Amino acid sequence: MTSADVEHTGGPACASAAGEQSWDAVFVEQFPRVYNFLRYRLGNEAIAEDLASRTFEKAWRDRQRYRRDLSKFSTWLLTIARNLAIDHRRTEHVHAPLDAALEAPAEGTPEKEAERRSNFARLSALLAELSDRERELLALKYGAGATNRAIADVTGLSESNVGTIVHRTVAALRSRW
Amino acid sequence: MQDEFMLTGLRKPRPELVRQVRVRLAEIEAGEHRTAVRRGVMSPPLRWAACAAAVLVLACAFALPSVRAAAQAFLDLFRVVNFAPVTVQTDRLRQLAERQGIDLPKMIGDRIEVVQAAGQPKIAPTLEAAGTLAGARVAVPTWRPVGLEPQRIEVSGTETLRITGNTASLQRLLDSLGIDDVSAPEWLDGKIVTAHVAPVVRIAYSDGNRHAMLIESRQPQVLLPPGADLAQLADIALRVLGVERDEAYRMAQSVDWRTTLIVPIPSDVSYFRQVDVQGNGGLLIGTVRTRGRQPSQVATQLLWSSGDRVFALVGNLRPDELFDMAQSVQ
């Protein structure tokens, strides 16, 4: 998985035939990004799974309301996920950023899984110290792999402002990594 | 900017989670259909007609050892890799059924000669026997819902058809449907298309209440006349199916018709979705009906191709069960 830009124009409502990206292709590509955005944003595996699932359920229910002239489909999905995360933060003030993540089933070899968990634990601890806005921007940038432009669309910040905050925050985290 | 460390926390979602979400989305879609039914959006006869048409169309793709099977294969064109679902208004399906049936090849050639007939399907006592009759190893699911056991294996024979193009016949059909912005191509007239359909194996499973059937065959072979303009034929076929002019043209020009099978889907089936089956493109279609006030799943159908083979799995199982069965076919 990379931090490749999220750039799509298709959506389920318009993916009715070959030649356009199918809903299944959208799902395969976007679900991991939404899921990782929520993991980075909330630091809790179980909640990220639940909200990622709810994001796609909501998108699927509202697919007829998606308007491609207003936003890219990936941006629309991230906006839904972001709003769910915000709602969750409003109602849940107690977080267990690491424990739940470490309880998730393993994937790959035990050594690689241990390394992955260790890395996420370190990263999650650093992210937990950031402000809400900084953490959200990094979650969109690195969890979802969104471009600065897409992040600006989702958050309402200017693209240059997004770039500045992300750069500054990552530089600070890197010095502590 | 050195930010690789920020990617070290990325993780793939658990396969089980992905599967659960897919099933949930399918359930939502089925629920939408049930809601529409409860609201009386669709009249029962129309709904049943649509469901029946969907089953018929899909069965035609692989199942029937008749002219229909090979005729449908006309659009297979050498190798089915992709499935292009095309939503068709039920009124249009009815129109086509009243005129020429929904076999697309009949639109372009009203003379279909059976060079080699498939004959009646033969019952095979074992998979090995079915493989011998079919001339190829028979693939089967290694996973089935508990209680679902094989009941019957049938094999239909090889069939070869020769279709002679008829421009006037096609033009008459276009005229009767009021399609006046495309014309039947002159080059089609008198040209021969030969379709060779390999033996089709059908394995029926049941536990008394739940049923499934795996249908499999080698890829059909189709010989086209030199200079055949597939995009033009596809454009006409899509128009006949009721696709809007601009959309039909765009699709006709952008799809590789040598690897893509058109699957007409009535506009009011419950749901359909392109899916991945063992790394291959597939199409999942579900129809739902109500029993009294209780909704119940009627039929789920999954089409996919793998290498030189094409498969269809149909039944009244849940979509996730059918999907898991398909994933285990080997």
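Residues numbered from 1 in each chain as written. Chains lettered and ligands numbered in written order. Predicted model: local features only at pLDDT ≥ 70, side-chain atom pairs only at ≥ 80, totals over all residues.

1. Brief notes about the overall build of chain A
Link 1 in the chain: The helix and strand tally for chain A stands at eight helices and zero strands.
Link 2 in the chain: Counting from the amino terminus, helix and strand elements in chain A follow one another as α-α-α-α-α-α-α-α.
Link 3 in the chain: Within chain A, the proportion of its 177 residues that are buried is 44%.
Link 4 in the chain: At a minimum sequence separation of 6, the contacts of chain A that also span at least 24 residues come to 68%. (Helix = DSSP H or I, 4+ residues; strand = E, 2+ residues; numbered from the N terminus. Buried ≥ 20, exposed ≤ 12 C-beta atoms within 10 Å, placed from the backbone. Contact = placed C-beta atoms within 7 Å.)

2. Considering the nonpolar core
Link 1 in the chain: One finds Val-34, Leu-38 and Ala-81 of chain A together with Leu-313 of chain B to be the most contacted residues of the largest nonpolar core, which totals 107 residues.
Link 2 in the chain: With nine residues, the single largest contributor to this core is helix α1 (residues 23–42) of chain A.
Link 3 in the chain: Contacts of Leu-38 of chain A, omitting those with residues within four sequence positions, involve Ala-48, Leu-51, Ala-52, Ala-81 and Ala-85 of chain A.
Link 4 in the chain: Within the second largest apolar cluster, seven residues are counted, among which are Leu-161, Val-193, Ala-198 and Val-222 of chain B. (Core = buried A, V, L, I, M, F, W, Y, C linked by C-beta atoms within 7 Å.)

3. A closer look at the interface of chain B and chain A
Link 1 in the chain: Contact with chain B, which involves 33 residues of that partner, is made by 33 residues of chain A.
Link 2 in the chain: Elements with a contribution of two residues or more to the side of chain B that touches chain A: α1 (15–38), β1 (82–88), α9 (245–254) and β11 (271–277) of chain B.
Link 3 in the chain: Among the elements that make up the side of chain B that touches chain A, the one with the highest residue count is α1 of chain B (six residues).
Link 4 in the chain: Across the side of chain B that touches chain A, the residue classes tally to 17 nonpolar, eight polar and eight charged. (Nonpolar A, V, L, I, M, F, W, Y, C, P; charged D, E, K, R; others polar.)

4. Topic: the confidence of the model for chain B
All names here are of chain B.
Link 1 in the chain: Per-residue pLDDT for chain B has a mean of 75; in total, 74% of the residues score no lower than 70.
Link 2 in the chain: Mean pLDDT in chain B bottoms out at helix α2 (residues 44–62), which sits at 34, and peaks at helix α6 (residues 127–134), which reaches 93.
Link 3 in the chain: Of the regions scoring below 50 in pLDDT, residues 33–78 engages in 106 contacts with residues more than four places distant in sequence or in other chains.
Link 4 in the chain: Interface confidence for the predicted complex, given as ipTM, is 0.78, next to a pTM of 0.51. (pLDDT = per-residue confidence, 0-100.)

5. Describing the pairing of strand β5 (residues 159–164) of chain B
Residue and element names in this part refer to chain B.
Link 1 in the chain: Only one face of β5 is buried, namely the one carrying Glu-159, Leu-161 and Ile-163, since none of Thr-160, Arg-162 and Thr-164 on the opposite face is buried.
Link 2 in the chain: Direction of pairing for strand β2 (residues 111–116) relative to β5: antiparallel, over a ladder of five bridges. Its bridge partner being in β5, Gln-116 is matched across the sheet by Thr-160.
Link 3 in the chain: Inspection of the sheet shows β5 paired to strand β6 (residues 192–197) by six bridges, in the antiparallel sense. Following the sheet pairing, Thr-160 is matched in β6 by His-196. (Pairing = 2+ DSSP bridges.)

6. Considerations on unusual backbone geometry
Negative phi characterises most residues that are not glycine, and trans characterises most peptide bonds.
Residue and element names in this part refer to chain B.
Link 1 in the chain: A positive phi angle, close to 50°, is found at Gln-278, a residue other than glycine.
Link 2 in the chain: Within the secondary structure layout, Gln-278 lies in the loop between β11 and β12 (280–291).
Link 3 in the chain: Take Gln-278: there are 13 C-beta atoms within 10 Å of it, and that puts it in the partly exposed class.

7. Some words on the pairing of strand β10 (residues 260–266) of chain B
Link 1 in the chain: The buried fraction of β10 of chain B is high, at seven of seven residues.
Link 2 in the chain: Of the two faces of β10 of chain B, both are covered, the one formed by Thr-260, Ile-262, Pro-264 and Pro-266 of chain B as well as the one formed by Leu-261, Val-263 and Ile-265 of chain B.

8. Some details on helix α2 (residues 45–61) of chain A
Link 1 in the chain: Taking 1.5 Å per residue, 17 residues should reach 24 Å; α2 of chain A reaches 24 Å between its end C-alpha atoms and fits that length.
Link 2 in the chain: Those residues of α2 of chain A that sit buried are Glu-45, Ile-47, Ala-48, Glu-49, Leu-51, Ala-52, Ser-53, Thr-55, Phe-56 and Ala-59 of chain A. (Expected span 1.5 Å × (residues − 1).)

9. As for the sheet that holds β6 of chain B
Residue and element names in this part refer to chain B.
Link 1 in the chain: Strand order in the open sheet made by the four strands is β2-β5-β6-β9, with antiparallel pairing throughout. Every other strand in the sheet has two partners, leaving β2 and β9 (221–223) as the edge strands with one partner each. Strand-to-strand twist of the sheet, defined as the mean angle between neighbouring strand axes without regard to direction, takes the value 20°. (Axes fitted to C-alpha atoms, helices over the stretch in contact; angles between N-to-C directions.)

10. Examining the packing of helix α8 (residues 230–240) of chain B against α9 of chain B
The packing of two helices is summarised by the inter-axis angle and the distance between the axes.
Residue and element names in this part refer to chain B.
Link 1 in the chain: At a minimum axis distance of 8 Å, the contact between α8 and α9 shows a crossing angle of 145°. Viewed along their axes, α8 and α9 form a crossing whose handedness is right-handed. Seen from α8, the contacting residues are Ala-231, Ala-234, Asp-235, Leu-238 and Arg-239; seen from α9, they are Arg-245, Ala-248, Tyr-249, Met-251, Ala-252 and Gln-253.
Link 2 in the chain: In terms of residue class, the contact of α8 with α9 is built from seven nonpolar, one polar and three charged. (Left-handed = near helix turned anticlockwise from the far one by under 90°.)

11. Brief notes about the environment of Thr-8 of chain B
Link 1 in the chain: For Thr-8 of chain B, the location among the structural elements is in the segment before α1.
Link 2 in the chain: With near-sequence residues (within four places) excluded, Thr-8 of chain B lies in contact with Asn-119 and Leu-123 of chain A.

12. Focus on the confidence of the model for chain A
Residues and elements named next belong to chain A.
Link 1 in the chain: Taken residue by residue, chain A gives an average pLDDT of 76. The fraction at 70 or more is 68%.
Link 2 in the chain: Here residues 1–20 is a poorly scored stretch, pLDDT under 50, and it has 62 contacts once near neighbours within four places are set aside; other chains count.
Link 3 in the chain: Taken together, the stretch residues 93–107 has pLDDT below 50 and engages in 26 contacts with residues farther than four places along the chain or on a different chain.

13. Things to note about the environment of Gly-307 of chain B
Link 1 in the chain: Within the element layout of this structure, Gly-307 of chain B appears in the loop between β13 (294–306) and β14 (309–315).
Link 2 in the chain: By C-beta crowding, Gly-307 of chain B is classed as exposed, having 10 other C-beta atoms within 10 Å.

14. Let's talk about the packing of helix α7 (residues 148–155) of chain A against helix α8 (residues 159–174) of chain A
Residue and element names in this part refer to chain A.
Link 1 in the chain: Two elements in contact, α7 and α8, have axes whose closest approach is 8 Å; the angle formed by their N-to-C orientations is 110°. With respect to their mutual orientation, α7 and α8 come out roughly perpendicular. In this structure, α7 contributes Asn-148, Arg-149, Ile-151 and Ala-152 to the contact, and α8 contributes Glu-159, Val-162 and Gly-163. (Parallel < 35°, antiparallel > 145°, perpendicular 65-115°, else oblique.)

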